[in-house]
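# A look at the structure
Residue-level listing of the chains:
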Amino acid sequence: MAKTKEAINLIDIFQEFKDFKNIDRQTFVNVLEDSFRSVIAKMYGSDSNYSVIINPDKGDLEIYRDRLVMEDGDVANPDAQVELSEARKVDPEIEIGEDFTDKVEFSSFGRRMILNLRQTLSSKVLELQKENLYLRYKDLLGQVVSGELYQVWKKEMLLLDEDGNELYLPKQNQIPSDFYRKGDTVRAVVVQVENKNQNPKIILSRTSPLFLQRLFEQEVPEVHDGLIAIKNIARIPGERAKVAVESFDDRIDPVGACVGIKGARIHGIVRELRNENIDVINYTSNINLFIQRALAPAKISTMTIDEETKHADVYLKTDEVSLAIGKGGFNIKLACMLTGYQIDVYREMDEQDLEDIYLDEFNDEIDQWVLDAFKAMGLDTAKAVLAKSKEDLLSGTDLEEETIDHVIEVLNAEFEND
């Protein structure tokens, strides 16, 4: 027997919607039933006396209607009531007042209702997919995921996960030296899951300290198992990072375990972060010792700490100041971020330096931001600045030559007056 056009349409509808990913079988059947009931309610005014039985494997369904048997001529609502003579054509023994159940053919819906059904299904399935996507990535918040690079825009990159869902990696969340081509696999941590107007948007990051923490958990079994805790992380993405770790087992050296034999464990993390230099240090609740470790490789001579204001003044020998500051000021910036203290570095005066003057003493003649540029080079006194060539000062501070000349003039004048 040939299939009716309506039956073929129905099978097409099932084929179109049954393979949606991330929607479990029972939920899909419920969506189908709700959609059919919606169409029935539009056709007959109500679906309360209808039963919808769906068989998604075969791509068909059966619809049954319950009606009350009435005396011939007393039927007021043909959708809810049926005449006795009509009911007895199917069940000769049925009586008035009993329920009569008959099958409603899908073909009676008509082309218009089939189109309406398809549109209703599309809308409901799309809503369900969006909700499932939101809930799925809500559970993955803070976890590392992978996506294939699909498109690069000015302000963000679009990635697709294994199910084709869209993931977004904003420019500010990319490591400055990141470079990917279309089709490349990109790893990042989920940092935000939005659901504005029922449109989920998943935001990723490769610059978050949490990304570095998750990489340690993946590369270092002791961190994954909880034997080593990461107490704090400070990052300047793509440049340098400091990680404070603590062991809960006295037999385990936390720094050695994180670095691995010949750096085997940390090398994988460094490569993923585009050769970001990573310093792993032992955490301690002794803030004095913690600041010393955070400023390594510089060796501190003396230190004064104000725990109330979280401020530390650190004094070092002349050749240690530049180590404490670090290239581009990264070392001291990271030390401040890691410890939570504002750290100011000063050069320790020896007898030959007693006549020297700290740069801050000149802030009435030289703008403080200019002085800070020299201090960022590890030059905190007048003589330290004057000992440098103009070329070194220009390249190390990025200040204008006119500004450098003014500073040198002011500093020289001070010693000439003495």
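This write-up is about the structure you can find in this document. (Residues numbered from 1 in each chain as written. Predicted model: local features only at pLDDT ≥ 70, side-chain atom pairs only at ≥ 80, totals over all residues. Heavy atoms only, no water.)

### Some points on the nonpolar core
Put simply, the rule is: Remark: nonpolar core denotes a set of buried residues (Ala, Val, Leu, Ile, Met, Phe, Trp, Tyr, Cys) joined through side-chain atoms within 4.5 Å. Each residue's exposure class comes from its accessible area (1.4 Å probe, protein chains only) as a fraction of the maximum for that residue type: buried when under 20%, exposed when over 50%, partly exposed otherwise. Helix and strand definitions follow DSSP, with helices as H or I runs of at least four residues and strands as E runs of at least two, each counted in order from the N terminus.
Residues Ile291, Leu295, Val314, Leu316, Ile343 and Val345 are the most contacted members of the largest nonpolar core, which totals 26 residues. The set of elements that each furnish at least two residues to this core consists of strand S10 (228–236), helix H9 (287–294), strand S13 (300–306), strand S14 (311–316), helix H10 (318–325), helix H11 (330–339) and strand S15 (342–347). Here this core takes five residues from H11, the largest share from any one element. Within the second largest apolar cluster, 25 residues are counted, among which are Leu212, Ile230, Val255 and Ile269.

### Comments concerning helix H4 (residues 110–139)
Our working definition: What a helix is expected to span follows from its residue count: subtract one and scale by 1.5 Å.
Across its 30 residues, H4 extends 44 Å between first and last C-alpha, which sits within 8% of the 44 Å expected from 1.5 Å per residue. Among all positions of H4, only Met113, Ile114, Asn116, Leu117, Thr120, Leu121, Val125, Leu128, Leu133, Tyr134 and Tyr137 are buried.

### Let's talk about the pattern of salt bridges
Short version of the rule: Salt bridges are defined as contacts in which a side-chain nitrogen from Lys or Arg sits within 4 Å of a carboxyl oxygen from Asp or Glu.
A full pass over the atoms with the stated rule returns 26 salt bridges. Across the pair arginine 65 and aspartate 102 runs a salt bridge whose closest N-O atoms are separated by 3.2 Å. Here the residue arginine 65 occupies a position in strand S2 (residues 60–70), and aspartate 102 occupies one in strand S4 (residues 99–104), the gap between them amounting to 37 residues. When its relative accessible area of 13% is taken as the criterion, arginine 65 is described as buried. The salt bridge partner of glutamate 217 is arginine 214, with a shortest N-O separation of 2.9 Å. Remark: arginine 214 and glutamate 217 occur in helix H5 (residues 209–219); sequence separation between them is three residues, near one turn of the helix. Take arginine 214: its relative accessible area is 15%, and that puts it in the buried class. Overlapping salt bridges, with partners in common, bring together Arg65, Arg67, Asp79, Glu86 and Asp102 in one network.

### Side note on the environment of alanine 382
Short version of the rule: The contact rule is simple, with two residues in contact once any of their heavy atoms fall within 4.5 Å.
Structurally, alanine 382 can be placed in helix H13 (residues 382–386). Residues alanine 382 and threonine 101 lie 281 residues apart in sequence; the distance between their C-alpha atoms is 101 Å. If we ignore the near neighbours within four places in the chain, the residues touching alanine 382 are Asp356, Ile357, Leu359, Phe362, Leu411 and Phe415.

### Details of the packing of aromatic side chains
This is how the line gets drawn: Here a Phe, Tyr or Trp ring, Trp counted by its six-membered ring, pairs with any other such ring whose centre lies within 6.5 Å, and the pair is stacked when the planes are under 30 degrees apart, edge-to-face when over 60, and tilted otherwise. As a reminder, the over-ring test applies to NZ of lysine and CZ of arginine, requiring each to be within 6 Å of the ring centre and within 35 degrees of the ring normal.
Overall, the coordinates contain four aromatic pairs when judged by the stated rule. Considering the side-chain rings of tryptophan 153 and tyrosine 168, the 6.5 Å spacing of their centres and the 25 degrees angle between planes classify their relative orientation as stacked. Of this pair, tryptophan 153 sits in the loop between strand S5 (144–152) and strand S6 (156–160) while tyrosine 168 sits in strand S7 (residues 166–170), placing them 15 residues apart in sequence. Note on tryptophan 153: relative accessible area 36%, which makes it partly exposed. Both rings, one in tyrosine 283 and one in phenylalanine 290, keep their centres 5.2 Å apart while their planes meet at 75 degrees; by these two values the pair is edge-to-face. These aromatic residues form a ring-pair network of at least three members: Tyr315, Tyr346 and Tyr358. Its end group placed over the ring of tyrosine 180, arginine 274 keeps NZ or CZ at 4.8 Å from the ring centre.

### Quick notes on the side chain of serine 247
For clarity, the cut-off: Each polar contact in these results corresponds to two N or O atoms within 3.5 Å; when the atoms are within protein, one needs to be able to donate a hydrogen and the other to accept it, and residues that are neighboring in sequence are counted only if both atoms are side-chain atoms.
Turning to its location among the elements, serine 247 is positioned in strand S11 (residues 240–247). Residue classification places serine 247 among the buried positions, given a relative accessible area of 19%. There is a polar contact of 2.6 Å between the side chain of serine 247 and the backbone oxygen of aspartate 249. Within the structure, the side chain of serine 247 is placed 3.2 Å from the backbone oxygen of isoleucine 252, a separation counted as a polar contact. Aside from chain neighbours lying at most four places away, what touches serine 247 is Leu227, Ile228, Ile252 and Pro254.

### What to know about the sheet that holds strand S8 (residues 185–196)
Heads up, the rule is: Strand pairing is defined by DSSP finding a minimum of two bridges between the two strands. Only the stretch in contact is used when a helix axis is fitted, and all axes are lines through C-alpha atoms; the angle between N-to-C directions ranges over 0 to 180 degrees.
Taking strand neighbours around the barrel as the criterion, the five strands line up as S5-S6-S7-S9-S8 in a closed arrangement whose pairing is mixed. Neighbour-to-neighbour, the strand axes of this sheet turn through a mean angle of 55 degrees, independent of strand direction. Bridge analysis of S6 against S7 gives five bridges, and the strand direction is antiparallel. Among the inter-strand pairings, leucine 158 is bridged to a residue of S7, identified as tyrosine 168. Against the sheet, H4 makes contact with S5, S7, S8 and strand S9 (199–205), and its axis sits at roughly 120 degrees relative to S8, the strand it touches most.

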